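Coordinates in review
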Amino acid sequence: MSKRQLAMVMDLNKCIGCQTCTVACKTQWTNRNGREYMYWNNVETQPGAGYPRNWMEAGGGFDENGNLQDGIIPDMVLDYGVPWDYNHDELFGNADTDILQPDSDPVWGPNWDEDVGAGDWPNSYYFYLPRICNHCSNPGCLAACPRDAIFKREQDGIVLVDLDRCQGYRYCIAGCPYKKIYFNPKLSKSEKCIFCFPRIERGLPPACAHQCVGRIRFVGFLDDEESQVYKLVHKYKVALPLRPDFGTQPNVYYVPPVLAPPQIDESGAPIEGSERIPMEFLEKLFGPGVHEAAKTLKAEMEKRKRGEESELMDILIAYNHKDMFRLDEN
Ligand code: SF4
Ligand code: SF4
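The structure contained in this document is the topic of the report that follows. Since the structure is predicted, the reported quantities are computational estimates derived from the model, not experimental observations.

With that settled, the discussion passes to the pattern of salt bridges. All told, the structure shown has 18 salt bridges when counted by the stated rule. Residues Glu-275 and Lys-298 are paired through a salt bridge, measuring 3.3 Å at the closest nitrogen-oxygen approach. With Glu-275 in the loop between strand 10 (252–255) and helix 9 (279–286) and Lys-298 in helix 10 (residues 289–305), the pair connects residues that are 23 residues apart, well separated along the chain. For Glu-275, a relative accessible area of 29% translates into the label partly exposed.

Here it is as structure tokens:
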């Protein structure tokens, strides 16, 4: 049990799927030395199979009695997808092709099903779900490791792998229901998002949050009542953990995408009171609290439209980038 817990909130109503966060993370941490296939930060389309493919059905986590569940290790080719290059030499050289295509035959990869979503036109729908390790309070990866190689830092609850202890058994990968810990074949060790702890220690937010174009990411300590993270999670209760039923008590929270335009009828007119993204789907992802969170978000939005004050809307609009992060005051 750590003394304090750092957390991130992501407002899914504002994510534009630009992948700037993904690139910020990848260029800093995972573009070399056996990490090429890893995405410590990925942004996937939901509904969708995600990355790795079908991670939500890959087991791990805990049942309602607190027992660790069996899980699978995703397949490198079928589920993660082998990174590929393109036939630039062939295309721009002397060859007789004018088609740009991968230089191998991939069957899956990050964003393979990007923007596919679900539903029928004109009421089809999708949204972007950025994912990092949740730095869980009850991590499945930690519980599954027979070497005690995974630990939570006392000062901020960041979950790390002790690479000196890790023997590359990969039980952690099966145990994590979010499949956010990866095997490095070059080092024969498990590796994962480190919440950019070297930046945290200098009072800076993780690179993914700092670079986020949509200003969707808030970072702070869950017990810091002045932080916007505290207000979104505890005061207004509009930020919810992903798949709380997995039992790992995640510390990344999401403001659910409930502010999408309504469905439209055959004449193109909006259908009053309809939900474009079905609430059953959002409840599956974010638990039963999603209904109350949606009510609060819509009520506060209406207040703001009437010209009234709304601290919640002011936070979510994110006027001042630096107010989204509260690290060095602690
Ligand atoms: Fe471990 Fe997975 Fe939780 Fe991260 S998300 S702390 S890897 S169980
Ligand atoms: Fe979404 Fe921000 Fe990442 Fe862009 S940088 S994909 S807006 S989380």
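So, next bit.
For the rest of this paragraph, the subject is the nonpolar core. Met-8, Val-9, Leu-232 and Phe-286 are the most contacted members of the largest nonpolar core, which totals 84 residues. Each residue touching Met-8, except ones within four places of it in the same chain, is listed here: Ile-132, Phe-195, Pro-206, Cys-208, Ala-209, Arg-217, Phe-218, Val-219, Asn-251, Val-252 and Tyr-253.

The element strand 8 (residues 217–221) is extensively covered by neighbouring structure, given that 5 of its 5 residues are classed as buried. Taken together, the 5 bridges between strand 1 (residues 6–11) and strand 8 define a ladder with antiparallel strand orientation. In the sheet register, Val-9 faces strand 8, and the bridge partner there is Phe-218. With 2 bridges joining them, strand 8 and strand 11 (residues 325–326) adopt parallel strand pairing. Considered in strand 11, the bridge of Gly-220 is made with Arg-326.

Looking now at the site of ligand 2. Taken together, the neighbourhood of ligand 2 is formed by 14 residues, with Cys-15, Cys-18, Gln-19, Cys-21 and Cys-212 sitting nearest. Broken down by class, the residue content of the shell around ligand 2 amounts to 9 nonpolar, 4 polar and 1 charged.

Parameters at a glance
- Residues numbered from 1 in each chain as written.
- Chains lettered and ligands numbered in written order.
- Predicted model: local features only at pLDDT ≥ 70, side-chain atom pairs only at ≥ 80, totals over all residues.
- Heavy atoms only, no water.
- Salt bridge = Lys/Arg side-chain N within 4 Å of Asp/Glu carboxyl O.
- Helix = DSSP H or I, 4+ residues; strand = E, 2+ residues; numbered from the N terminus.
- Buried < 20%, exposed > 50% of the residue type's maximum accessible area, 1.4 Å probe, protein only.
- Core = buried A, V, L, I, M, F, W, Y, C linked by side-chain atoms within 4.5 Å.
- Contact = heavy atoms within 4.5 Å.
- Pairing = 2+ DSSP bridges.
- Near = heavy atom within 4 Å.
- Nonpolar A, V, L, I, M, F, W, Y, C, P; charged D, E, K, R; others polar.

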